[in-house]
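Take a look at the letters that make up each chain.
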There are 2 protein chains.
Amino acid sequence: MIRQIEGGITAVSGVSAFGLKDGKKGLAIILAEGPAAGVFTRNKVIAAPLIVTKEKLGTNGGFLSAVIANSGNANAYTGEQGLKDAKEMTRLLAEKIKADDKFIAVASTGVIGRKMDMNWISSHIEPVLSSVSTTEEGSVGAMRAIMTTDLVPKVFACEVKTDAGSYRIAGIAKGSGMIEPNMGTMLGFVYTDAAVASGQLQKCLTAAVNKSFNMIVVDGDTSTNDMCLLTATGKSGIRITDGKSLEEFQNALDLVLIELAKMIAKDGEGATKLVESTVIGAKTKEDAKLAAKSIVRSPLVKTAIFGNDPNWGRIVAAAGYSGADFDQTKITLSVSDGTKTANLVKNGEIIEKDPAVLDELKKIMSAKTIFIKIDLGAGPETATAWGCDLTYDYVKINAEYTT
Amino acid sequence: MIRQIEGGITAVSGVSAFGLKDGKKGLAIILAEGPAAGVFTRNKVIAAPLIVTKEKLGTNGGFLSAVIANSGNANAYTGEQGLKDAKEMTRLLAEKIKADDKFIAVASTGVIGRKMDMNWISSHIEPVLSSVSTTEEGSVGAMRAIMTTDLVPKVFACEVKTDAGSYRIAGIAKGSGMIEPNMGTMLGFVYTDAAVASGQLQKCLTAAVNKSFNMIVVDGDTSTNDMCLLTATGKSGIRITDGKSLEEFQNALDLVLIELAKMIAKDGEGATKLVESTVIGAKTKEDAKLAAKSIVRSPLVKTAIFGNDPNWGRIVAAAGYSGADFDQTKITLSVSDGTKTANLVKNGEIIEKDPAVLDELKKIMSAKTIFIKIDLGAGPETATAWGCDLTYDYVKINAEYTT
């Protein structure tokens, strides 16, 4: 049985954290020891901390003792100096906590192409470390420290009750703009006190990320700094091994990552609404994902949702250019606010001729969460993607970001 | 020798045109007889007029007598009735001009998923036909009739002087939103009075479209109605056959289509600036195109350009997630307004450390045309793409389109 719990990432046994924010700069430290897994951006321009962390996880047997993460500077496109700075961040923390720096992960988020202010980092490690705590305050502190244009902290925790006892999975994530993760997310730090071997952890994380962070779009820009790390402290004593326990663990991990992903989409830069796009009846899984993401990526769909404009033709057009294979005469489309549903197209026939249906759709479009469901009529596969509307504030935030 | 000329499409011998606009609805008729070629959207949701026109060109030996085009309704996603209506439009015009309807092309642009108002169409064919003219007024009339959110008419004409005499190529295009053409454009009607066989015409058109309309992005939404038609009236008596004349014809056709494509990008919905992104040093032609288009598609690059924000890291990030293969340590990047140039990165080394360079970049960013040049350092291939900034007005226009 899986149920949501309070307490943030520190609700997981063996996780302590804290962070502080000083103007645009922030620093977070999370202490949690155990087998670990990571997924990283597929952007060809990979930020220095990702190169460093990926290399460590690839050569240290898949184990982490702590994470150090900063906001305000992405340490991306910063050349040799950037790599040195990222390594230095792990060395500084390792020294303070008496650990081997090969077990320290490093993450950064902020402006691309600016040198790190290493004096600021080194002078703030001590105060952050001295406040590290296993209370919810520690979790919130770490979360707030890595926020940039995020308006709300993104945290989700759950408990899994098994016959052998309970374990927990919890994560925090940040991200609001430059969001179309590809094999990673902006930043996600996820913890469990179940005992899971690192190889298995990697498989579970990749599967969960593909259903969650890789299915959200704010603006279609894949960041240079997307990274999600998962550490299993094992403190609950519950060991994840066989088919059933593994399936349950995967379900719980999926839940945590999907909830965090939805929080990122909902808090997209300038967003006023969350959009959930579900594609059914796709020929292949890839087709289902392409069409679902294309709909939440489309600037025309996003602006229509912002304006409560019942312009559903744009949804069909976005599915059409997604690359998914289907026959336009077999589509079925509906839009819902979770309570009312407007059925617009059935098996390729427009059923919204009645002006009352368009009026109903317009009312639905004004809801805070919009559910789009499209049946491609081409096969058995499904996928769900999440996004947000495109608003004046998205333009405002990004026209004035560095200046 | 190729030189730009006045007069619009009617400057090409054997082309007459006119159009009228009545509120949101418009109707244009272009009369021009000869071998013809067409390219069409690759959106899986293809509008009825495209299905009809493509089928005609595929079975009539590649020949057109006239085009009838309407704005206000895209006749897309309109099922069987939409196909009947598109065919009826060609039949109505054929009857009036005593032609075979298999030689009549039909095009539509406007809202998706609404039935055509055929009464309006049939009652307006007569007045448009009666005003058809070979003067510039005819060309402008046709252009204005097919504009939707376009603010300026897009027309370009040139004359090619050869040893055997002169011929002309001219085109009109419309498009402002839902612009990321894939093997077509919003609507483009191009004419030449050179004599060219339809097979050759198709090859030339496809090559020119790949360098022009297929290299522009306004919002990344590929329309259901993209179509570009090219008709060769042959009235100049100049026959395009061998290597040299063909090369010259292709160059002139490229010029016309690239100029029209740039006009569409510049008149993108809400746009205040034209962005030209040139990629050199790419491993493959496909890589060069991917990176060039990714930069002009990125909402973050586009908002930065709108806000005169010297946030060049976003350009590098957009190239990074484009799918193009390169090594980030080999990039060279500059941004220019055509006069001043800010050199930002050279062989992977940031050379903008000096605050004066960022100030210079900020000045450049306020220009009306921004030239981005990025050398991927990965090979010999190049490509250029065009786009525009993303502004409050783009959101405004599209949040209130159908309502």
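Residues numbered from 1 in each chain as written. Chains lettered and ligands numbered in written order. Predicted model: local features only at pLDDT ≥ 70, side-chain atom pairs only at ≥ 80, totals over all residues. Heavy atoms only, no water.

Going by what an unreviewed UniProt entry lists, chain A is known as Glutamate N-acetyltransferase and is assigned to Methanolapillus millepedarum. Taken directly from UniProt, the Subunit (unreviewed entry) text for chain A runs: "Heterotetramer of two alpha and two beta chains." Per UniProt, chain A carries the Catalytic activity (unreviewed entry) text "N(2)-acetyl-L-ornithine + L-glutamate = N-acetyl-L-glutamate + L-ornithine". (UniProt positions renumbered as here; feature names shortened; annotations may be inferred.)

Now for the nonpolar core. Grouped together as the largest cluster of nonpolar side chains are 123 residues, with contacts concentrated most on A:Phe249, A:Trp312, A:Leu333, A:Ile372, B:Ile30 and B:Phe189. Here this core gets nine residues from one element, more than from any other, and that element is helix α6 (residues 243–266) of chain A. Residues in contact with A:Ile372, not counting those within four places in the same chain, are A:Val275, A:Glu276, A:Ser277, A:Thr278, A:Ile295, A:Val301, A:Ile305, A:Ile315, A:Leu333, A:Ser334 and A:Val335. If you look at the next biggest cluster of nonpolar residues, it comprises 110 residues, including A:Ala107, A:Leu229, B:Val217 and B:Leu253. (Core = buried A, V, L, I, M, F, W, Y, C linked by side-chain atoms within 4.5 Å. Buried < 20%, exposed > 50% of the residue type's maximum accessible area, 1.4 Å probe, protein only. Helix = DSSP H or I, 4+ residues; strand = E, 2+ residues; numbered from the N terminus. Contact = heavy atoms within 4.5 Å.)

Scanning the model with the defined rule gives nine aromatic pairs over all chains in all. Measuring from centroid to centroid gives 6.2 Å for A:Tyr77 and B:Trp312, while their planes differ by 85 degrees, and the two rings are edge-to-face. With A:Tyr77 in the loop between β4 (63–73) and α2 (79–97) and B:Trp312 in the loop between α8 (299–306) and α9 (313–320), this pair bridges two chains. The burial state of A:Tyr77 is the same as that of B:Trp312; both residues are buried. Of the aromatic side chains, those joined through ring pairs into one cluster are A:Phe306, A:Tyr392, B:Phe306 and B:Tyr392. (Phe/Tyr/Trp six-rings, centres within 6.5 Å; stacked < 30°, edge-to-face > 60°.)

Listed as interface residues are 61 residues of chain B and, on the opposing side, 61 residues of chain A. Interface area for chain B against chain A, summed over the two sides, is near 5,000 Å², with a carbon-plus-sulfur share of 58%. The largest contributions to the chain B side of the interface with chain A come from B:Lys44, B:Tyr77 and B:Gln328, which together make up 15% of the buried area. The shortest N-O distance in the salt bridge between B:Asp325 and A:Lys44 comes to 2.8 Å. (Buried area = accessible area lost by both parts, 1.4 Å probe. Salt bridge = Lys/Arg side-chain N within 4 Å of Asp/Glu carboxyl O.)

Residues and elements named next belong to chain A. Spatial ordering of the open sheet is given by β9-β16-β11-β15-β12-β13-β14, a layout of seven strands whose pairing is mixed. Two strands in the sheet have a free side with no partner beyond their single neighbour: β9 (216–217) and β14 (349–350). Strand direction decides the pairing type here: strand β11 (residues 274–282) and strand β15 (residues 369–375), joined by seven bridges, are parallel. Residue pairing for β15: Glu276 is matched across the bridge by Phe371. (Pairing = 2+ DSSP bridges.)

Between chain B and chain A, the superposition needs a rotation of 180 degrees and an axial shift of 0.0 Å, giving an RMSD of 0.0 Å. Between the two chains, the operation in question is that of a two-fold axis. Residues of chain B ranked by C-alpha distance from the rotation axis are headed by B:Tyr392, positioned 2.6 Å from it. Of all interface residues in chain B, 100% are interface residues in chain A too; the two copies therefore contact each other through one and the same surface. (Least-squares fit on C-alpha atoms with pLDDT ≥ 70 in both.)

Once that is clear, we can look at unusual backbone geometry. All names here are of chain B. Positive phi, normally seen in glycine, also occurs at Asn75, with a value near 45 degrees. With respect to the secondary-structure elements, Asn75 resides in the loop between β4 (63–73) and α2 (79–97). The backbone of Lys98 sits at a positive phi, close to 55 degrees, despite the residue not being glycine. You can see Lys98 is positioned in the loop between α2 and β5 (104–111).

All names here are of chain A. Close contact between helix α5 (residues 198–211) and α6 brings their axes to 9 Å; oriented N to C, the two are set at 45 degrees. In this view, α5 runs oblique relative to α6, as classed from their interaxial angle. Crossing hand, α5 versus α6: right-handed. Note on element contacts: α6 touches α5 through Leu246, Phe249, Gln250, Leu253, Asp254, Leu257 and Ile258, opposite Gln200, Leu201, Cys204, Leu205, Ala207, Ala208, Val209 and Lys211. Residue composition of the contact of α5 with α6, grouped by class: eleven nonpolar, two polar and two charged. (Axes fitted to C-alpha atoms, helices over the stretch in contact; angles between N-to-C directions. Parallel < 35°, antiparallel > 145°, perpendicular 65-115°, else oblique. Left-handed = near helix turned anticlockwise from the far one by under 90°. Nonpolar A, V, L, I, M, F, W, Y, C, P; charged D, E, K, R; others polar.)

On to the pattern of salt bridges. Scanning the model with the defined rule gives 28 salt bridges over all chains in all. In this structure, B:Asp267 and B:Lys154 form a salt bridge, with 2.6 Å as the shortest nitrogen-oxygen distance. Of the two residues, B:Asp267 sits in the loop between α6 (243–266) and β11 (274–282) while B:Lys154 sits in strand β6 (residues 154–162), which places them 113 residues apart along the sequence. Like B:Asp267, the residue B:Lys154 is buried in the burial classification. In the salt-bridge network here, residues are joined through shared partners; they are A:Arg3, A:Glu159, A:Arg168 and A:Asp193.

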